[in-house]
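The chain contents come next:
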Amino acid sequence: MRQFVLIFILSFFAGFPGPGAQTSRPVVRIKPFSVQGLGAEEAKTIESLIHSYLFDLGDRFIDFELEDASGAIRRLSLSPGGTSSAEGPDFVIAGSLALQNENHTLTLELSNVHTGQSIQFTSTHKTTSELALNTRSLVQLAMDSSRSGESEERVEAENSEPLSENLILGRWRGDAGIEMIRLQGGGRGLAIFSSGAQMNLRYEIRDNTLYVVQSSPNAERYYHPVPYGIARQLVTLAEPMSWEFRLFGNGTVLRGQKTATAVEYSGDTITNLYQERARPAEWTKIR
């Protein structure tokens, strides 16, 4: 049985600065993975994939430290103003890979050094190849969820620019899972997903804030990469997606939050459904 826990660090990284924030970036230390029952090469491949995806997906808002088996620490792309080596990391990620009852199980544990809070994420697959194929989407969903603790107040506190329909018309590069958005006159828009699906949108501007809402009926491909059996249920269960944005970057950046349904599932069974789950989002204008 495959088990995916997609929303696993909600509010865990509260206070992390998102893209565009003018504050020090948090430091996350990745400890060596423990391995049980798997070959050294298999384990090394999975661990390297996870490291690569974490670095790729977190490089805009996180600085990383990599700890090896001897305890030596290597700093990776530390930004100006980041935590010094003497101060230590803000968060620690530890992982384990195990072969249990012919299932390959990956566990990630994230700990907040300052508060002592920790939380686990587990994914189980029949084969190493299946686990490797799903690693990127799992890490992507994890990193997206990790930023859900950022507050809307942070966005509102920034020096946003005056917003009008003329300034937002045109094409925008979307947030996670969306390739492109086209905003048209009259409060209409269209989103094109990475899966190829298209979603009609409607929008309005109030109090210098852009409100965008899904106007198409739900479709399975809106929820890629979850399995088809889960996506088919979300067509009925999920609330319409929505976005709230303010304008930045001389009219080139819409930054705010996305609200959508989140899900935990096992196989083709939904175990938990979270309506109106918010996370940070950003659209960039395509010239």
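Residues numbered from 1 in each chain as written. Predicted model: local features only at pLDDT ≥ 70, side-chain atom pairs only at ≥ 80, totals over all residues. Heavy atoms only, no water.

## A few points about the pairing of strand β16 (residues 269–285)
Phase 1: With two bridges joining them, strand β9 (residues 170–173) and β16 adopt antiparallel strand pairing. From the neighbouring strand, W172 faces β16, where its bridge partner is K285.
Phase 2: Here strand β15 (residues 253–266) runs beside β16; their pairing, made up of 13 bridges, is antiparallel. Counted as the bridge partner of V253 is T284 from β16.
Phase 3: Adjacent in sequence and paired antiparallel, β15 and β16 are bridged by two residues, among which G267 carries a positive phi angle near 60°. (Pairing = 2+ DSSP bridges. Helix = DSSP H or I, 4+ residues; strand = E, 2+ residues; numbered from the N terminus.)

## Quick word on the pairing of strand β7 (residues 103–112)
Phase 1: The buried fraction of β7 is high, at eight of ten residues.
Phase 2: Here strand β6 (residues 91–100) folds back onto β7 in antiparallel fashion, the turn holding two residues, of which N101 has a positive phi close to 55°. (Buried < 20%, exposed > 50% of the residue type's maximum accessible area, 1.4 Å probe, protein only.)

## Overview of the confidence of the model for the protein chain
Phase 1: Averaged over all residues, the pLDDT of the protein chain is 76; the fraction at 70 or higher stands at 74%.
Phase 2: Below pLDDT 50 for its whole length, residues 1–23 participates in 84 contacts with residues either more than four positions away or in separate chains.
Phase 3: Ignoring residues within four places in sequence, the model shows residues 145–158, a span with pLDDT below 50, making 35 contacts including any to other chains. (pLDDT = per-residue confidence, 0-100. Contact = heavy atoms within 4.5 Å.)

## Details of unusual backbone geometry
Phase 1: Its identity is not glycine, yet D207 carries a phi of approximately 55°, on the positive side.
Phase 2: Along the chain, the position of D207 falls in the loop between β12 (198–206) and β13 (209–214).
Phase 3: Classification of D207 by relative accessible area gives exposed; the value is 67%.
Phase 4: Even without being glycine, N208 reaches a positive phi, approximately 60°.
Phase 5: You can see N208 is positioned in the loop between β12 and β13.
Phase 6: Residue N208 is classed as partly exposed on the basis of its relative accessible area of 27%.

## Some details on the packing of aromatic side chains
Phase 1: Considering all chains together, one arrives at four aromatic pairs under this definition.
Phase 2: Pairing W243 with W283 gives two aromatic rings, centres 5.6 Å apart and planes at 55°, and the pair type is tilted. One end of the pair, W243, is in strand β14 (residues 242–248); the other, W283, is in strand β16, and 40 residues separate them in sequence. When sorted by exposure, W243 lands in the same class as W283, which is buried.
Phase 3: Measuring from ring centre to ring centre gives 4.7 Å for F245 and W283, while their planes differ by 55°; the resulting arrangement is tilted. With a gap of 38 residues between them, F245 in strand β14 and W283 in strand β16 connect regions that are remote in the sequence.
Phase 4: Taking relative accessible area as the criterion, F245 reaches 1% and is therefore assigned buried.
Phase 5: Classification of W283 by relative accessible area gives buried; the value is 0%.
Phase 6: Taken together, the aromatic side chains of F193, Y222 and Y223 make up a single cluster linked through ring pairs.
Phase 7: Taking NZ or CZ as reference, R206 lies 4.2 Å from the ring centre of Y211, over its face. (Phe/Tyr/Trp six-rings, centres within 6.5 Å; stacked < 30°, edge-to-face > 60°. Lys NZ or Arg CZ within 6 Å of the ring centre and 35° of its normal.)

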